[in-house]
Amino acid sequence: MKDVLRDLELIVRLQGLDLRAAELRKEIAALPKEVALIEKALDAHQRKLNGDRAVLASNQKERRQLDGDVQVHQQKISKLRDQMSGAKTNEQFRAFQNEINFVEQQIKKCEDRSIELMLESEALDQNAKLSEAALKQQREKVEHRKAEARERTLADQKQLAELLAERKLICTEISAAALGTYERVARKSPNAVSEASNGRCTVCRLEIRPQLYQDVKKCERIIQCENCRRILHYNPPVAFDQAGSGPPALGGSGTRVDMT
Ligand SMILES: [Zn+2]
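Counting its secondary structure elements, the protein chain contains four helices and four strands. Helices (α) and strands (β) of the protein chain occur, in sequence order from the N terminus, as α-α-α-β-β-α-β-β. Its C-alpha atoms give the protein chain a radius of gyration of 42 Å, more than 25% over the compact-globule value 18 Å for 260 residues. Considering only C-alpha atoms, the protein chain reaches an extent of 135 × 35 × 35 Å along its principal axes. A buried classification covers 12% of the 260 residues belonging to the protein chain. In the protein chain, once contacts between residues fewer than 6 apart in sequence are set aside, the share between residues at least 24 apart is 69%.

Structure below.
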């Protein structure tokens, strides 16, 4: 009974280590994906900034073009004025004047549009600056999260190595048969151990045959649930007047091992 009880105790510890190791492996695998996800959010910020800058650039380009147009128009007017001074008739004079008026209207149109663009550009410039600040902030956030993930991964890996070392030690203490049974069951279900309580397997909830339940209580061999194949163990109920004098319970000193 003592050897089997010891094996069961070691199996419970082994299961605790294996469950924790699985959690750590899962976390180690999830961290790079999480980082990739927030880096993707960075792309969206970069695209927004690129878009804002492109709109601002096209605004500036149009303004430069208008400035150029105004210059061309002014040169044209000055040429027309020169020609007008040599006008022979009133008709010629009026024709030049009409032409000059027309070009002046063109200049006015250019200048109006230029003012419109200038007013728009203030908001566009502000947008680009906000996008730039948002990108910078997001980039800092990503860097911070990346550093956190790196730190977390290192800590997880360290803890995992410690767990595996402890596991190795337990494996040398446990009987080969008990270890074999545990590993067979654990391959199918991570919770390989189940408490037998009130005549039932507490994991699959199925009733245990009375004879088998007695055998589990006797603890003379490793017994598996006939339904879910989990390794059954029995923790005797602990009463105040029994504490310390009853049969040893798993987990030692009268405390019940929580298998949930
Ligand atoms: Zn079961």
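Here the focus is the packing of helix α1 (residues 2-85) against helix α2 (residues 90-173). Between α1 and α2, the least distance of the axes is 5 Å, while the angle of their chain directions is 165°. With respect to α2, the element α1 is oriented roughly antiparallel. Here α1 runs over α2; the crossing is left-handed. For the contact of α1 with α2, a count of residues per class yields 37 nonpolar, 16 polar and 29 charged.

In this structure, Ile11, Tyr182, Ala196, Ile208, Val216, Ile231 and Leu232 are the most contacted members of the largest nonpolar core, which totals 21 residues. Of all the elements in the fold, those that place two or more residues in this core are α1, α3 (176-188), β1 (193-197), α4 (210-218) and β4 (231-233). Leu232 has contacts with Ser194, Ala196, Cys201, Val216, Ile223, Gln224 and Cys225, leaving out every residue within four places of it along the chain.

Okay, the packing of α1 against α3 next. For the pair α1 and α3, the least separation of the axes is 10 Å and the interaxial angle reads 35°. Of the two elements, α1 crosses α3, and the hand of that crossing is right-handed. Residues Asp7, Ile11, Leu14 and Asp18 of α1 touch α3, and the partners they reach there are Ala178, Tyr182 and Ala186.

Here we come to the environment of Lys136. Relative to the helices and strands, Lys136 resides in helix α2. For Lys136, a count of 12 C-beta atoms within 10 Å translates into the label exposed. Each C-alpha atom of the pair Lys136 and Gln106 lies 44 Å from the other, and the pair is 30 residues apart in sequence.

The four strands are arranged β2-β1-β4-β3 in an open sheet whose pairing can be described as mixed. Among the strands making up the open sheet, the edge pair consists of β2 (200-201) and β3 (223-224).

A separate point is the domain arrangement of the protein chain. What the domain assignment reports for the protein chain is domain 1 (21-173) and domain 2 (175-260). Its C-alpha centre places domain 1 at a distance of 65 Å from the equivalent point of domain 2.

This brings us to the environment of Ser58. Along the chain, Ser58 turns up in helix α1. Judged by local crowding, Ser58 falls into the exposed class, with 12 C-beta atoms found within 10 Å.

The next thing to look at is the pairing of β1. Extensive coverage of β1 is indicated by the burial of four of its five residues. The pairing of β1 with β4 spans three bridges and is parallel. Its bridge partner lying in β4, Glu195 is registered against His233. As judged from the two bridges shared by β1 and β2, these two strands associate in the antiparallel manner. Residue pairing in the sheet places Ala196 in a bridge with Cys201 of β2. With antiparallel pairing between neighbouring strands as the criterion, β1 and β2 make up a hairpin whose turn holds two residues, including Asn198 at a positive phi of roughly 50°.

Scored by pLDDT, the protein chain comes out at a mean of 90, with 91% of its residues at no less than 70. Across residues 243-247, where pLDDT falls below 50, the model places six contacts with residues more than four positions away in sequence or in other chains. A low-confidence stretch, residues 251-260 stays under pLDDT 50, and its non-local contacts, those more than four residues away or across chains, total 15 contacts.

This part takes up the environment of Leu135. Take Leu135: it is sitting in helix α2. Counting along the chain gives 32 residues from Leu135 to Val103, while the straight-line C-alpha distance between them is 46 Å.

Rules of the game
- Residues numbered from 1 in each chain as written.
- Predicted model: local features only at pLDDT ≥ 70, side-chain atom pairs only at ≥ 80, totals over all residues.
- Helix = DSSP H or I, 4+ residues; strand = E, 2+ residues; numbered from the N terminus.
- Rg over C-alpha atoms; globule rule 2.2 N^0.38 Å.
- Buried ≥ 20, exposed ≤ 12 C-beta atoms within 10 Å, placed from the backbone.
- Contact = placed C-beta atoms within 7 Å.
- Axes fitted to C-alpha atoms, helices over the stretch in contact; angles between N-to-C directions.
- Parallel < 35°, antiparallel > 145°, perpendicular 65-115°, else oblique.
- Left-handed = near helix turned anticlockwise from the far one by under 90°.
- Nonpolar A, V, L, I, M, F, W, Y, C, P; charged D, E, K, R; others polar.
- Core = buried A, V, L, I, M, F, W, Y, C linked by C-beta atoms within 7 Å.
- Pairing = 2+ DSSP bridges.
- Domains from an automatic or database assignment.
- pLDDT = per-residue confidence, 0-100.

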